[in-house]
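So the chains spell out like this:
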Amino acid sequence: MAFFRRGPVRGTLIALLVAYLAYGPIIVVVTRSGAGQIALGLLAAVAALGGCLGGLAERRPGRAAWLLLLGLCGGLALHAIEPYTGLSSCFVVVYAAPFRCRPRVTMAITTLCVVALPLVSYAVGLDLGTTFGLTAGVAYTSVFAFLVAYLSSTKRQAAELAEARAREAVLSERARLAREVHDILAHSQSAQIVYLEGARMLLKGTGDVAAALDRVERAVGLARTGLEETRRALDALRGEDLPLRERLERLASEFRAATGAGCALSVAAELGAPAAEARLALARTAQEALTNVRKHAPGASVTLTLRRVGEWCELEVQDDGGYGGAAQTAGGGGYGLVGMRERAELIGGSLKAGAGTKGFAVVLRVPA
């Protein structure tokens with residue numbers, strides 16, 4: 001199709017179309033003898049030629065319909081004045097109508113042509129075989145035009161649908177990347193704040209430089225870990241393997257080092273091998289849940305449990321302190337648990353979070 005959009009090719013096709021449409025009107029005008037016949041032939045010629053060319057050029061369906069109807073009437077008039085001279089306009093109209101008009105209007109114009117053409121042909125004295133042939137030709141042309149227009153519309157709709165899906169995929173990927181960035185920053189920076197605040201209190205209170213320096217060094221280590229987590233998040237987005245058990249062990253170790261509280265980890269042996277997106281969701285949910293414990297329940301111990309439940313992988317993060325702030329966050333006040341729930345739903349899983357008898361629990365279920 002790109003070949004026909006080239007300037008020289010397009011110009012040549014337009015010139016041939018104009019010549020095809022103009023031949024009959026020119027014959028009618030040239031062969032008329034009286035002034036009245038010349039005027040009538042000229043009027044029909046202008047209607048046929050102008051209506052067809054205007055209808056082809058017009059992009060608005062309403063105006064295109066009127067112009068094509070004018071071209072059809074002009075073509076039928078030319079055919080009545082001089083047989084065959086207006087047929088080119090009739091064929092062009094029935095072919096162009098599906099591309100320029102609405103379906104109902106197209107059916108009306110096509111029906112008018114199929115009905116009027118044999119009547120005019122019979123009136124000017126054409127034999128039955130010729131009349132039938134001309135009518136059948138117009139009918140076949142209209143059917144062919146409908147099929148081409150339908151295929152063209154289907155292809156265009158498919159292209160629009162593919163474009164819409166591509167835009168949706170881009171937006172989904174942006175949202176996913178936003179969750180990754182949020183998880184990394186919330187985890188690493190909150191831990192750094194804990195260390196740096198501890199260092200500040202030590203220097204301000206006891207002046208214990210060694211202990212303060214230890215906390216500053218831990219904060220620096222967490223900053224480096226954050227950079228590494230960013231690289232791992234990008235690797236996961238590219239579909240590379242995510243070492244789930246090692247990641248959970250690291251998160252538990254970092255929690256114990258940052259808070260001084262316990263963090264027990266239990267991973268079932270029959271866990272299997274969840275998909276990359278499921279592994280990423282499990283790791284990020286554990287990270288976000290531990291971050292919330294540090295924020296809202298300082299000093300609380302945590303139990304991380306990863307198990308297989310039927311066709312699901314289930315991660316439970318349970319603390320023993322209970323933190324109302326995180327319960328409010330789970331209700332929609334903050335982005336953390338909302339982001340975890342969105343991540344789970346995107347891969348067909350679910351997330352529950354709420355306060356219990358022992359504290360606050362986050363339970364994530366993803367396909368195994």
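Residues numbered from 1 in each chain as written. Predicted model: local features only at pLDDT ≥ 70, side-chain atom pairs only at ≥ 80, totals over all residues. Heavy atoms only, no water.

Moving on: the overall build of the protein chain. Assigned secondary structure in the protein chain consists of eleven helices and five strands. Counting all 368 residues of the protein chain, 40% fall into the buried class. Considering only contacts in the protein chain between residues 6 or more positions apart, those separated by 24 or more positions represent 67%. (Helix = DSSP H or I, 4+ residues; strand = E, 2+ residues; numbered from the N terminus. Buried < 20%, exposed > 50% of the residue type's maximum accessible area, 1.4 Å probe, protein only. Contact = heavy atoms within 4.5 Å.)

Right, let's talk about a nonpolar patch on the surface for a bit. Judged by side-chain polarity, Leu 196, Leu 213, Val 216 and Val 220 come together as a nonpolar surface patch covering roughly 300 Å² of accessible area. By secondary structure assignment, the location of Leu 196 is in helix H6 (residues 128–205). (Patch = residues over 30% accessible without salt bridge, like charges linked within 9 Å, V, L, I, M, F, W, Y side chains within 5 Å. Areas by Shrake-Rupley, 256 points an atom, 1.4 Å probe, with all protein chains shown as cover. Salt bridge = Lys/Arg side-chain N within 4 Å of Asp/Glu carboxyl O.)

Attention shifts here to helix H4 (residues 87–100). For H4, with 14 residues, the first-to-last C-alpha span of 20 Å sits near the 20 Å given by 1.5 Å per residue. By the criterion of burial, H4 is predominantly enclosed, with eleven of the 14 residues buried. Here H4 has its buried residues at Leu 87, Ser 88, Ser 89, Cys 90, Val 92, Val 93, Val 94, Ala 96, Ala 97, Pro 98 and Arg 100. (Expected span 1.5 Å × (residues − 1).)

Comment: phi is negative for the bulk of residues other than glycine, and the bulk of peptide bonds are trans. In this structure, Tyr 84 is a non-glycine residue whose phi angle is positive, near 80°. Positionally, Tyr 84 belongs in the loop between helix H3 (61–81) and H4. The class for Tyr 84 is partly exposed, based on a relative accessible area of 44%.

Moving on: the confidence of the model for the protein chain. Confidence along the protein chain averages 81 in pLDDT terms, with 85% of residues attaining 70 or more. Element-level pLDDT for the protein chain is lowest in helix H10 (residues 324–333), with a mean of 40, against a maximum mean of 93 in helix H5 (residues 103–123). Every residue in residues 323–335 scores below 50 in pLDDT, and together they form 24 contacts with partners more than four places removed in sequence or on other chains. (pLDDT = per-residue confidence, 0-100.)

Looking at the element boundaries, Ser 121 is found in helix H5. Put simply, Ser 121 and Tyr 84 are 37 residues apart on the chain and 8.9 Å apart in space, counted from C-alpha to C-alpha. If we skip the residues at most four places from it in the chain, Ser 121 touches His 79, Leu 126, Thr 131 and Leu 134.

With the rule as written, the count across this model stands at four salt bridges. Residues Glu 314 and Arg 307 are paired through a salt bridge, measuring 2.7 Å at the closest nitrogen-oxygen approach. The salt bridge involving Glu 314 is made with Arg 365; its shortest N-O contact spans 3.3 Å. Of this pair, Glu 314 sits in strand E3 (residues 312–319) while Arg 365 is found in strand E5 (residues 360–367), placing the two residues 51 residues apart along the sequence. Take Arg 365: its relative accessible area is 27%, and that puts it in the partly exposed class. Counted as one network, the salt bridges with shared partners bring together Arg 307, Glu 314, Glu 316 and Arg 365.

Counted according to the given criterion, the structure contains two aromatic pairs. Seen from their ring centres, Tyr 95 and Phe 144 are 6.3 Å apart, and the 25° between their planes marks the pair as stacked. Placement of Tyr 95 in helix H4 and of Phe 144 in helix H6 is noted, with a sequence separation of 49 residues between them. Given a relative accessible area of 33%, Tyr 95 falls into the partly exposed group. Ring pairs connect the aromatic residues Tyr 95, Phe 99 and Phe 144, which therefore count as one cluster. (Phe/Tyr/Trp six-rings, centres within 6.5 Å; stacked < 30°, edge-to-face > 60°.)

If a strand is regular, its side chains alternate between the two faces of the sheet. Where strand E1 (residues 263–267) meets strand E2 (residues 302–309), five bridges bridge the pair, whose relative direction is parallel. Residue pairing across strands places Ser 266 opposite Thr 305, the latter belonging to E2. In this view, the connection linking E1 to its parallel neighbour E2 by way of helix H9 (residues 276–296) has left-handed handedness. (Pairing = 2+ DSSP bridges. Right-handed = clockwise from strand over helix to strand, strands pointing away.)

Let us look at the packing of helix H2 (residues 35–57) against H3. Two elements in contact, H2 and H3, have axes whose closest approach is 7 Å; the angle formed by their N-to-C orientations is 145°. Crossing hand, H2 versus H3: left-handed. For the pair formed by H2 and H3, the contact residues are Leu 40, Gly 41, Ala 44, Ala 45, Ala 47, Ala 48, Gly 51, Cys 52, Gly 54 and Gly 55 on the first element and Ala 64, Leu 67, Leu 68, Leu 70, Gly 71, Gly 74, Gly 75, Ala 77, Leu 78 and Ile 81 on the second. When grouped by side-chain class, the residues that make up the contact of H2 with H3 number 13 nonpolar, seven polar and no charged. (Axes fitted to C-alpha atoms, helices over the stretch in contact; angles between N-to-C directions. Left-handed = near helix turned anticlockwise from the far one by under 90°. Nonpolar A, V, L, I, M, F, W, Y, C, P; charged D, E, K, R; others polar.)

Our focus in this paragraph is the nonpolar core. A general trend in soluble globular proteins is that nonpolar side chains are found buried together. Ranked by size, the top nonpolar core spans 34 residues in total, and within it Leu 282, Leu 290, Leu 304, Leu 306, Leu 315, Val 317 and Val 366 carry the most contacts. Put simply, the parts of the chain that give this core at least two residues each are helix H8 (244–259), E1, H9, E2, E3, helix H11 (335–346) and E5. Among the elements that make up this core, the one with the highest residue count is H9 (eight residues). For Leu 315, the contacting residues outside a window of four places in its chain are Leu 282, Thr 285, Ala 286, Leu 304, Thr 305, Leu 306, Val 362, Val 363 and Leu 364. (Core = buried A, V, L, I, M, F, W, Y, C linked by side-chain atoms within 4.5 Å.)

On the basis of which strands lie adjacent, the open sheet formed by five strands has the order E1-E2-E3-E5-E4 and mixed pairing. Among the strands making up the open sheet, the edge pair consists of E1 and strand E4 (350–355). Averaged over all adjacent pairs, the angle separating strand axes in this sheet is 10°, with direction ignored. Direction of pairing for E4 relative to E5: antiparallel, over a ladder of six bridges. Across the sheet, the residue bridging to Ser 350 is Arg 365, located in E5. On the sheet, H8 packs against E1 and E2 and is oriented at approximately 170° with respect to E1. Where H9 meets the sheet, it contacts E1, E2, E3, E4 and E5, and its direction lies at approximately 175° from that of E5.

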